[in-house]
Amino acid sequence: MKFGPVPLDQAAGCILAHKTNLPDRVLKKGHVLTAEDCRDLLRHGLTALVAARLEPGDVEEDEAARRLGHAARGTAVGEDTAFTGRMNLYADTAGILVVDTDAVKAANRIDPAITFATLPNHSKVMADRMIATAKIISFAVSHSDLQRAQDAVRGAVRVAAFRPRKVGLVATCLPHLKTKTMDKTRRVLEDRLRVSGSTILAEARVPHDEASVAEAMASHVSAGADFLILFGASAVVDRLDVLPAAVDLAGGTVSHLGMPVDPGNLLMLADLEGVPVLGAPGCARSPKENGFDWVLDRLLADVETGPDDITAMGVGGLLMEIGTRPQPREVKRPTPASRITVMILGAGKSTRMGGPNKLLAKLNGKSLVRHAGEAAIGAAPSQTLLVTGHLGEQVSAEVADLGITTVFNPDFEDGMASSIRTGMKALDPDTDAVVILLGDMPMITSADIQTMIETYRNNADGLIVAATADGKRGNPVLWDKRFFHDLATLRGDIGARHIIAENPGFVAEVELGPAARLDLDTPEALKDAGGSFEGQ
């Protein structure tokens, strides 16, 4: 393929490299120039264009992408129509994506213009999920290079379909383990199994000893279970512990104990009379992704999973922490020198107030946002931010003399999450925690904020400190830096309540009384609190 400036009197049949405007139409990149196009361009003063001219042996981009993608297709993989040098591949069924990674690497090293990309190997995928894409970067590639790439990537992508199983569940009991926890564990497991069409054949809740577990396992196998999952009331910490000892006693074989995925380290893989046995780590009681999911899904899709496969999971095996774990992997080390930012959210449109910006309303001679600003500054944080949006200049003027850093949220109409994202971008880089304070909560005091900060500093597990009123959670909320990524990627207008719900083990509560739930959103609430707008 030749590429570069082409005189218009020679450009018919060439491929246009860049979008070009004519008075009556737009010639898009990739357009094959016609004789009429060339005459019109000449009439409008152009003499040459940057274009590509195919040579004998070249394959144009769409056909090349189609051939490459088609060659890569394996079992249960569908393809789309090639367009603009790209063809996508999709899963025909729910299952596990299996990629020949060496084949993909080989294909991508033949010509930089020939590319093939996939989701991570062994990803769980649903039907119709895009799993790979063949993309030709240039307008054409040589037939010989394309053929080499096709040969290299042939059959490299397949989906191993989930197969429904009848699962026998064995759960051991100890006095500290509550029935409601075991009930929830079963529900979470049922949710995990649902995508494969698998069901729990029966559950046996037995004492935490090897004889009881071995008997329950044998009973499930006799009843027709083709998969066993064991949940111990206490985690497996040794090859001779209760669950692996029970497998031995039942006549089974423990093939692997432990895995380099966190959460998920304490997993056991075994076999009993040809039936796979999974000893679940404690984190599998949570619906959050953990190492148990990786192994369970592979087994449900009949993807070979042995010790070598499990030990290879360490790269990428550091997953998100789970707040319900009894022993977090990283202990917070609070210090009196911890740097705390107070972020005041003041960007909203005050829709429920019916017109005026509620933050400009007066209460006891001060605007609501002034109350919030003084409370924040009085707590002596290392940084104080005010996120503005609607009537931003007027709002920021109310606290201009307090030394507060104001940041404007241009997307304030998108909701609270956009304001939190804006504030997170403005944090000092060495911030240890942030207190998020709503600008329409005038009864929150500096002492309240200081109490929350001290609770954070004195509680090793208190990565989230939530204010409460009569035991009901409200605002403000303090967040340790381990949640900064979650806050910086929020979407919608729901704030961060779901993060608190997902991490109960990291939440410390501070009772502040009615102030924690008093936000003045409506004219009635403002009037009842004794506030008003100037002139009213």
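Fair warning: this is a prediction, and the values are worked out from it, not measured in the lab. (Residues numbered from 1 in each chain as written. Predicted model: local features only at pLDDT ≥ 70, side-chain atom pairs only at ≥ 80, totals over all residues. Heavy atoms only, no water.)

1. Side note on the overall build of the protein chain
When its secondary structure is counted, the protein chain shows 16 helices and 29 strands. Considered along the principal axes of its C-alpha atoms, the protein chain spans approximately 80 × 80 × 40 Å. In the protein chain, which comprises 536 residues, the share counted as buried stands at 51%. Within the protein chain, counting contacts between residues at least 6 apart in sequence, those at least 24 apart form 70% of the total. Surface summary for the protein chain: the accessible area is close to 24,900 Å², and the carbon and sulfur share equals 51%. Across the protein chain, 57 positive and 69 negative side-chain charges occur, with their mean positions spaced 2 Å apart. (Helix = DSSP H or I, 4+ residues; strand = E, 2+ residues; numbered from the N terminus. Buried < 20%, exposed > 50% of the residue type's maximum accessible area, 1.4 Å probe, protein only. Contact = heavy atoms within 4.5 Å. Areas by Shrake-Rupley, 256 points an atom, 1.4 Å probe, with all protein chains shown as cover. Lys, Arg positive; Asp, Glu negative; His and termini not counted. Charge placed at Lys NZ, Arg CZ, Asp CG, Glu CD.)

2. Considering the sheet that holds strand β16 (residues 199-207)
With mixed pairing, six strands are arranged side by side in an open sheet as β16-β15-β17-β20-β19-β18. Of all strands in the sheet, those with a lone pairing partner are β16 and β18 (253-257), marking the two edges. Between one strand and the next, the sheet's axes are offset by a mean angle of 20°, whatever the strand orientation. Relative to strand β17 (residues 227-231), strand β15 (residues 166-173) is paired through five bridges, and the arrangement is parallel. Considered in β17, the bridge of V167 is made with F227. Sheet strands in contact with helix α7 (residues 242-250) are β15, β17, β18 and β19 (268-272), and its direction is about 15° off that of β19. (Pairing = 2+ DSSP bridges. Axes fitted to C-alpha atoms, helices over the stretch in contact; angles between N-to-C directions.)

3. Regarding the sheet that holds strand β8 (residues 86-91)
With respect to topology, four strands assemble into an open sheet ordered β7-β8-β12-β10, the strand pairing being antiparallel. One side of each edge strand has no neighbouring strand; the edge strands of this open sheet are β7 (77-79) and β10 (114-118). Put simply, the sheet's adjacent strands are angled 20° from each other on average, direction ignored. Sheet analysis places β7 next to β8, joined by three bridges and oriented antiparallel.

4. Remarks on the packing of aromatic side chains
This structure, assessed with the given rule, holds four aromatic pairs. Each ring, one from W479 and one from F483, has its centre 6.1 Å from the other, and the planes form 70°; the classification is edge-to-face. For F483, a relative accessible area of 5% translates into the label buried. Here F483 and F506 contribute two aromatic rings whose centre-to-centre distance is 6.5 Å and whose plane-to-plane angle is 65°, an arrangement assigned as edge-to-face. Note that F483 is positioned in the loop between β28 (472-480) and α14 (484-488) and F506 in the loop between α15 (497-502) and β29 (507-511), a separation of 23 residues in sequence. (Phe/Tyr/Trp six-rings, centres within 6.5 Å; stacked < 30°, edge-to-face > 60°.)

5. A word on the packing of helix α10 (residues 368-378) against helix α13 (residues 446-458)
Axis separation between α10 and α13 bottoms out at 7 Å; the angle between their running directions is 45°. In terms of axis orientation, α10 runs oblique to α13. Judged by the twist between their axes, the crossing of α10 over α13 is right-handed. For the pair α10 and α13, contact is made by E374, A375, A376 and G378 and by S446, I449 and Q450, respectively. Here the residues of the contact of α10 with α13 are counted per class, giving three nonpolar, three polar and one charged. (Parallel < 35°, antiparallel > 145°, perpendicular 65-115°, else oblique. Left-handed = near helix turned anticlockwise from the far one by under 90°. Nonpolar A, V, L, I, M, F, W, Y, C, P; charged D, E, K, R; others polar.)

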